[in-house]
Amino acid sequence: MATVDTVLAGKYPAKSHARRVAELLQAHGHNHAPGVIYLEAQKTRLIEDNDEAMPFRQRRFFYYLSGCPLPDSSLIYDINADKLTLFIPPIDPEDVIWSGLPLSADEALKLYDVDSVLATTEVNTTLASIGSAYGDSAVAFAIADQVSNETTFKGFAETNLSLLKGAIEKTRVVKDGYEIALLRKANDISAKAHIAAIKASKTATNEREIEGAFIATCIANGAREQSYHPIVACGVNGATLHYGKNDDDLTDPTTKQSKRNVLIDAGGEYHAYCSDVTRVFPLGGKFTTETRQVYEIVLQMQSECIAMLKDEVQWEEVHAHAHRVAIKGLLKLGILRGSEDELFEKRVSVAFFPHGLGHYLGMDTHDTGGNPNYGDKDTMFKYLRVRGRLPAGSVITVEPGIYFCRFIINPYIQSSETGKYIDTDVLDRYWGVGGVRIEDNIHITRDGYENLTTAPKAIEEVESLAL
């Protein structure tokens, strides 16, 4: 079996992606008409009131069909000729003074999985040539609001701005071997960063020091960008799902005691592909009794849900199973009371596990193709980012959690319908836990799954790193 680095030594499979997208477009009634796919890279933009460029993030639709990270570029895929052409900016002599020579056409042809590389000044000429060659039946597929004003589709009978975006989003759900290798690499780097973050907590006094250790390790290992702004939440901050301040002290200012634990949700991005990993670790080397109890429930939720995964599994069923495991665990602790089935039907567990079990992962953290239904009246399923059956080749996060957020739980306590199911005397011992979430990135295979995440999560291993 080829190693990750061996796979990634090859070219990003841009042309096979273009073919797959074209097949979907042709299936939408364009199977006999000749046509092209046209995409533009993200533009270089200056910071407002400043002469420096804004932080750059390549357009994912363009990258998927090019593998090219260069700004201000374009591509044309001639569907009938099966020809992929990349257009890169020509040399700007004034820019060379400051930034050196840009990538040449010959160098780009060696780097990227394309048939030809030209200058962006030749985009319109190339489009006109293809349009005239196919006569008045050719279709140009592009994405609305992602076509420059100077780009013209001369000679094409139709410019379709409605189908391409959806076709790429659907195609991106199923990853090829190269994409899986990129995701695995991002996860391997993130595992090192999570370990560094845990070790940093032994001397850190503030959340930002832990965040700094994570980001520094990612950069040192080749993941210069983060998949998203890291979440580093100590104590009760962990009850906020997307906590982002990351500047709280690790000790309580009143008691001067260390807060119980840290939840860190962070992932490095490698060559435009994301990892998304959450871990919880103790401050001081050992989980408190309450945190350990909750951690064990969440770990059980995750392990049982991961074991269910395979091609065509119904994601809603996996999510519902996570809630049933949570109910059993919270009943055992005495936080909940009543029958398992009644608690499930009354959706009481949503007070402690309010979000969806996971989401697709790829070039975006919340990747395309999930078909969520945020208008669902059922509180257990409202925030699921993925609905339906999971296809082999997809990558999904499995991130169950249990949280002690007063804003969310108190309405359940105060409700005449649900308050009787929650023992507030027992619950009072757990507010300080904040929240526990454990998140791995799972590749769905024909017969099961493979876990791409290698960051430690066993209690003993986590505690040994924190000591």
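Just so it is clear, the structure is predicted and the values come from calculations on it, not from any experiment. (Residues numbered from 1 in each chain as written. Predicted model: local features only at pLDDT ≥ 70, side-chain atom pairs only at ≥ 80, totals over all residues. Heavy atoms only, no water.)

Before going further, it helps to spend a moment on the packing of aromatic side chains. In the structure shown here, the tally under the stated rule is eight aromatic pairs. Seen from their ring centres, phenylalanine 287 and tyrosine 295 are 5.1 Å apart, and the 40 degrees between their planes marks the pair as tilted. Given a relative accessible area of 8%, phenylalanine 287 falls into the buried group. Where phenylalanine 352 meets phenylalanine 404, the ring centres are 6.0 Å apart and the plane angle is 70 degrees; that geometry is what we call edge-to-face. Taken together, the residues phenylalanine 352 in the loop between helix H12 (340-345) and strand S13 (395-398) and phenylalanine 404 in the loop between strand S14 (401-403) and helix H13 (406-414) connect sequence positions 52 residues apart. Accessibility expressed as a relative area gives 0% for phenylalanine 352, which makes it buried. Among the residues examined, phenylalanine 404 registers a relative accessible area of 4% and is labelled buried. Through a chain of ring-to-ring contacts, the aromatic side chains of Tyr12, Tyr63, Tyr178 and Tyr273 assemble into a single cluster. Just above the ring of tyrosine 270 sits the side chain of lysine 185; from NZ or CZ to the centre is 5.9 Å. Of note, arginine 406 hangs over the ring of tryptophan 431, and the distance from its end group to the ring centre comes to 4.2 Å. (Phe/Tyr/Trp six-rings, centres within 6.5 Å; stacked < 30°, edge-to-face > 60°. Buried < 20%, exposed > 50% of the residue type's maximum accessible area, 1.4 Å probe, protein only. Helix = DSSP H or I, 4+ residues; strand = E, 2+ residues; numbered from the N terminus. Lys NZ or Arg CZ within 6 Å of the ring centre and 35° of its normal.)

Another point: the pairing of strand S8 (residues 231-234). Burial along S8 is two-sided: the face carrying Ile231 and Ala233 and the face carrying Val232 and Cys234 are both buried. Bridge count between S8 and strand S9 (residues 261-266): four bridges; the pairing is antiparallel. Bridge pairing in S9 places cysteine 234 opposite valine 262. (Pairing = 2+ DSSP bridges.)

Below, the discussion takes up the sheet that holds strand S17 (residues 449-451). Strand pairing in a sheet relies on backbone hydrogen bonds, with the paired strands running either antiparallel or parallel. The strand order S13-S16-S17 describes an open sheet built from three strands, whose pairing is antiparallel. Every interior strand has two partners, whereas the edge strands, S13 and S17, have only one. Each strand of the sheet is rotated relative to its neighbour by a mean of 35 degrees, with strand direction disregarded. Pairing between S13 and strand S16 (residues 440-444): four bridges, direction antiparallel. Note that in S16 the partner of valine 395 across the bridge is histidine 443. (Axes fitted to C-alpha atoms, helices over the stretch in contact; angles between N-to-C directions.)

The subject of this paragraph is the sheet that holds strand S10 (residues 268-270). Read across the open sheet, the three strands follow the order S7-S10-S11; overall the sheet is antiparallel. Every interior strand has two partners, whereas the edge strands, strand S7 (225-226) and strand S11 (273-274), have only one. Direction of pairing for S10 relative to S11: antiparallel, over a ladder of two bridges. Within S11, the residue paired with glutamate 269 across the bridge is cysteine 274.

What follows covers the domain arrangement of the protein. One can read the domain layout of the protein as domain 1 (4-173) and domain 2 (177-466). Of note, the centres of domain 1 and domain 2, computed from C-alpha atoms alone, are 37 Å apart. Contacts between domain 1 and domain 2 engage 16 residues on the former and 22 residues on the latter. Together, Leu8, Arg172 and Val173 form the three largest contributors to the area buried by domain 1 at its contact with domain 2, with a combined 37%. There are five salt bridges connecting domain 1 and domain 2. Linking lysine 185 and aspartate 5 is a salt bridge whose minimum nitrogen-to-oxygen distance equals 3.1 Å. There are 13 residue pairs in polar contact (both at pLDDT 80 or more) connecting domain 1 and domain 2. The element best represented in the side of domain 1 that touches domain 2 is helix H1 (residues 4-8), accounting for four residues. The residue makeup of the side of domain 1 that touches domain 2, split by class, is eight nonpolar, two polar and six charged. (Domains from an automatic or database assignment. Contact = heavy atoms within 4.5 Å. Buried area = accessible area lost by both parts, 1.4 Å probe. Salt bridge = Lys/Arg side-chain N within 4 Å of Asp/Glu carboxyl O. Polar contact = N/O pair within 3.5 Å; in protein donor to acceptor, adjacent residues only side chain to side chain. Nonpolar A, V, L, I, M, F, W, Y, C, P; charged D, E, K, R; others polar.)

Another point: the packing of helix H10 (residues 289-307) against helix H11 (residues 315-333). Where H10 contacts H11, the axes come no closer than 9 Å and their chain directions differ by 155 degrees. In this view, H10 runs roughly antiparallel relative to H11, as classed from their interaxial angle. You can see that H10 and H11 cross each other, and the crossing is right-handed. Contacts between H10 and H11 involve Gln293, Val294, Ile297, Gln300, Met301, Glu304 and Cys305 from the first element and Val318, His321, Ala322, Val325, Ala326, Gly329, Leu330 and Leu333 from the second. Residues belonging to the contact of H10 with H11 are distributed by class as follows: 10 nonpolar, four polar and one charged. (Parallel < 35°, antiparallel > 145°, perpendicular 65-115°, else oblique. Left-handed = near helix turned anticlockwise from the far one by under 90°.)

Here we come to the nonpolar core. Ile37, Leu39, Trp315, Phe352, Ile402 and Phe404 are the most contacted members of the largest nonpolar core, which has 126 residues in total. By residue number, the principal contributor to this core is helix H8 (residues 177-200), which donates 10 residues. When residues of this core are assigned to domains, at least three fall in each of domain 1 (4-173) and domain 2 (177-466). If near-sequence neighbours (up to four positions away) are discounted, phenylalanine 352 is found in contact with Leu330, Ile335, Leu336, Gly401, Ile402, Tyr403, Phe404, Ile409, Ile422 and Leu427. Among the nonpolar cores identified, the runner-up in size contains 12 residues, and Ile76, Val123, Ala140 and Phe156 belong to it. (Core = buried A, V, L, I, M, F, W, Y, C linked by side-chain atoms within 4.5 Å.)

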